[in-house]
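For reference, the chains in residue letters:
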Amino acid sequence: MPKKTRRAYLAPLAVLAAASFALTACGGGSADTANSGTSDKDTVSYSLQVGTGPNWLLPIASPDTMATHNSAIKSTLFVPLFEYNGTSGTMAWDKKASAAKSYEFSADGKTISIALNDLNWADGKPLTSRDVEFWYNLVRFNGEKTGGYSAGMIPDNITKFETVDDKNFKLTFDKVYNQDFLLANQLTLVRPMPQHAWDKTSADGAVSDLDRDKAGATEVLDYLFKEAGTLSTYATNPLWSVVNGPYKVGSWTDSGEVTLTANDKYSGEDKPGVKNVKFMPFTSADAEMNTVRAGEVDYGYITASQMENQAQFTDNGYTVKPWDGWSITYMPYNFKSEKMGKVFDQLYVRQALQHTIDQETISKVVWHGAATPDYGPIPQTPESGFLSQAQKDNPYPYDLAASEKLFTDHGWSKGSDGVFECTTPGTADNQCGEGIEQGKKMEITFTVQNGSQETDNMFSTIQSAMSKAGVKVTIDAKPLDNVLTEAQSCKTGTSCNWEFVFFGTAGSWYFPAYPTGERVFAKDTKWNAGQYNNPEAEKLVNAMTTSTDEQISQKYSEYLAKDLPVMWMPNPVYQVSVIKNGLNVGNQDPGASFYPQRWTWQ
């Protein structure tokens, strides 16, 4: 049995998850309702969010392929080392969905010994420690290419990988970390991969230990990335047939329509409850809801506005269940924008813009109660001990007069068009600030994901409020995948022209068990899209990974709520689910993962 670890963080999350399941505790309704499922069904159809066709299969993600559905689908094919979720009612280790069987920390807390479950790859080869090392080598030699990479964190903080035998290995870290942080936030990123089949640089190349040096590891990952970029071959490419999870790819189209089928070679405990799972992409929420109304989808969603008209769905054989998320929603500022970066560097500008966001009204009216205000870096619903009082109190409430005063107090005046422009350049307290020239206008562009009426209405409301406060806003709506690619453009070096990006129609960032910011707000992390860089914030981000002192979290919460690394926005539920009666999906995970192997028809 593993050595018991500290629970300073997980204990409050047990309460959180239980509270968030108030609306999601059960699966579908009774099996004898109209349009109910029947026991001979072998397929479940699942609606994907608008604009979110799955576009990545490789267990190592590129920075622009980190959408939640990609990760969730991959977990059914390639079993993660550790899987944490809230489907049990608490945010906890899900042993059935994990490759790790047990773990134990050393007396000094710097080394963890891990034993693997008896899983097999689909070609009959066993899962071994070498498969974990393969992932580790590819990532440690290619950190800058991989999504979720945060300098100094995994794999950088592993100083030694020691293979004990085929089923046991040890990881030694550079210092003592909070053990629960390591398990729930770091080791959940590790995904064993079939070294015996993938450690090569071409389709007909020989497999060897190429991953064990930088040059070889770089060539191998470049090859795998290239192959992973061709979605239409996912069902035929021999690489992707070597899975160890409960499902394998049945079909996968460039448009994002995916069918998973039960892996008959799966040797684990998490056996599929249905043979086939069909993931259906849609170009609009209306198109998706029309499919639901026609009874042609088993597990779908409706827009928040339809919560006032639930009868049209419940009368058609569905149960309506909002899917609450352990998440935050925000819009990154691009601090490196050639046009507006110097403006965004000024805290008073960020404060003035935040004062124009009427989160309470937007949550109630635009989102019809399917969103809650979000004033900082820690999820606010349900409330937890991680939160500071300052974040809960909202440091920058909706106040257009306060917004205007911040501009006028710092050398800005409204022009004849009603838009603020810098009339007193300079670095004094009553001037515009460093790098802001005379005549600079407060004109900004929001690059926003399309396909959601609620998102459209929210930004129309914000655009109107900002206009009243002297800020001209242009809205550029694009599909979600395009927005995610643009958000990463400053990091990938392709361009860096955007000013704001919004990818939060279903929440911007879903946290593991601990709501730490090392993957979002740390200086060198890939998903610090706007390149926020504040040394004091960096200290607090890092402190949260090593300390169990709840006050550290509260200091972090307060500091980032006030310093505004991003524009805080209302936080929507992941989706308002509609589930066909007779289909049991269990609890919906607040971390936004889904486990189709556990879905069953009654």
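See the structure shown above.
Residues numbered from 1 in each chain as written. Predicted model: local features only at pLDDT ≥ 70, side-chain atom pairs only at ≥ 80, totals over all residues. Heavy atoms only, no water.

What about the overall build of the chain?
Inclusion rule: For the purposes of this entry, the term helix denotes a DSSP run of H or I that reaches at least four residues, the term strand denotes a run of E that reaches at least two, and both are numbered from the N terminus. The globule rule is 2.2 Å times the number of residues to the power 0.38, and the radius of gyration it is compared with is taken over C-alpha atoms. Exposure categories follow from relative accessible area, calculated using a 1.4 Å probe and restricted to protein chains: below 20% of the type maximum is buried, above 50% is exposed, and the middle band is partly exposed. By definition, residues are in contact when any of their heavy atoms lie within 4.5 Å. Only the protein chains shown count as cover for residues, and all accessible areas are computed by the Shrake-Rupley method using a 1.4 Å probe. Counted as positive: Lys and Arg. Counted as negative: Asp and Glu, with His and the chain ends omitted from the count. Where a charge lies is defined by one atom per residue type: Lys uses NZ, Arg uses CZ, Asp uses CG and Glu uses CD.
Along the backbone of the chain there are 18 helices and 26 strands. Relative to the compact-globule value of 25 Å for 602 residues, the chain shows a C-alpha radius of gyration of 24 Å, a close match. When burial is assessed residue by residue, the chain has 59% of its 602 residues classed as buried. Within the chain, residue pairs in contact and separated by at least 24 positions form 69% of the contacts whose partners lie at least 6 positions apart. With the model as given, the accessible surface of the chain reaches about 21700 Å², and the carbon-plus-sulfur share is 48%. Computed over 52 positive and 70 negative side-chain charges, the inter-centroid distance for the chain is 4 Å.

What to know about unusual backbone geometry
Here the bond from Ile-154 into Pro-155 is cis, since omega is 10°, no more than 30 degrees from zero. Within the secondary structure layout, Pro-155 lies in the loop between helix H3 (129–140) and strand E6 (158–165). A positive phi is found at Asn-394, a non-glycine position, where the angle reads about 70°. Inspection of the secondary structure assignment puts Asn-394 in the loop between helix H12 (389–393) and helix H13 (400–408). For Leu-564, which is not glycine, the phi dihedral falls at a positive 55°. With respect to the helices, strands and loops of the structure, Leu-564 is situated in the loop between helix H18 (550–563) and strand E22 (566–568).

As for the sheet that holds strand E20 (residues 500–502)
Selection criterion: For two strands to count as paired, DSSP must find a minimum of two bridges between them. Whenever a helix is involved, its axis is fitted only over the stretch in contact; in every case the axis is a line through C-alpha atoms, and angles between N-to-C directions fall within 0 to 180 degrees.
Pairing is parallel in the open sheet, where three strands are placed in the order E19-E18-E20. With partners counted over all chains shown, the strands left at the sheet margins are strand E19 (472–478) and E20, one partner each. Sheet twist, expressed as the average angle between the axes of neighbouring strands with direction ignored, equals 25°. Pairing geometry for strand E18 (residues 443–449) and E20, over three bridges, is parallel. Bridge pairing in E20 links Thr-447 to Val-501. Contacts from helix H15 (residues 480–487) reach E18, E19 and E20 within the one sheet, and its direction differs from that of E18 by about 130°.

Some thoughts on the pairing of strand E11 (residues 299–302)
Side chains Tyr-299 and Tyr-301 project from E11 onto one buried face, and the interleaved Gly-300 and Ile-302 project onto a second face that is buried too. Relative to strand E24 (residues 575–580), E11 runs antiparallel, the two being bridged by four bridges. Within the sheet, the bridge partner assigned to Gly-300 lies in E24 and is Val-578.

Examining the state of the cysteines
Covalent bonding between the sulfur atoms of two cysteines defines a disulfide. Heads up, the rule is: For the purposes of this analysis, a disulfide is any pair of cysteine sulfur atoms at a distance within 2.5 Å.
Counting across every chain of the model gives two disulfides. The disulfide that involves Cys-422 links it to Cys-432, with 2.1 Å between the sulfurs. Handedness here is read from the sign of the S-S torsion; for Cys-422 and Cys-432, about 110°, the answer is right-handed. One end of the pair, Cys-422, is in strand E17 (residues 420–422); the other, Cys-432, is in the loop between E17 and E18, with ten residues separating them in the sequence. A relative accessible area of 0% means that Cys-422 is categorised as buried. Residue classification places Cys-432 among the buried residues on the basis of a relative accessible area of 0%. There is a disulfide in this structure between Cys-490 and Cys-496, and the S-S distance comes to 2.1 Å. Here the S-S torsion is close to 90°, and the disulfide linking Cys-490 with Cys-496 is therefore right-handed.

Some points on the sheet that holds strand E4 (residues 100–105)
Read from one edge to the other, the open sheet built from four strands follows the order E4-E5-E7-E6, with strand pairing classed as antiparallel. Of all strands in the sheet, those with a lone pairing partner are E4 and E6, marking the two edges. Each strand of the sheet is rotated relative to its neighbour by a mean of 20°, with strand direction disregarded. Strand direction decides the pairing type here: E6 and strand E7 (residues 168–173), joined by six bridges, are antiparallel. When the bridges of E7 are listed, Asp-165 appears paired with Asn-168. H3 rests against strand E5 (111–116), E6 and E7 of the sheet, and its axis sits at about 160° to E6. Helix-sheet contacts for helix H4 (residues 179–186) involve E4, E5 and E7, and the interaxial angle to E4 is about 155°.

Details of H4
The line we're drawing: As used in this structure description, the phrase polar contact means that two N or O atoms lie within 3.5 Å; if the pair is within protein, one of them must be able to donate a hydrogen and the other to accept it, and residues adjacent in sequence are counted only when both atoms belong to side chains.
Most of H4 sits out of view: eight of its eight residues are buried. Within H4 the residues assigned to the buried category are Gln-179, Asp-180, Phe-181, Leu-182, Leu-183, Ala-184, Asn-185 and Gln-186. Backbone nitrogen of Asp-180 and a side-chain oxygen of the N-cap are separated by 2.9 Å at the start of H4; the cap is Asn-178.

The values are spatial; any link to function lies outside them.
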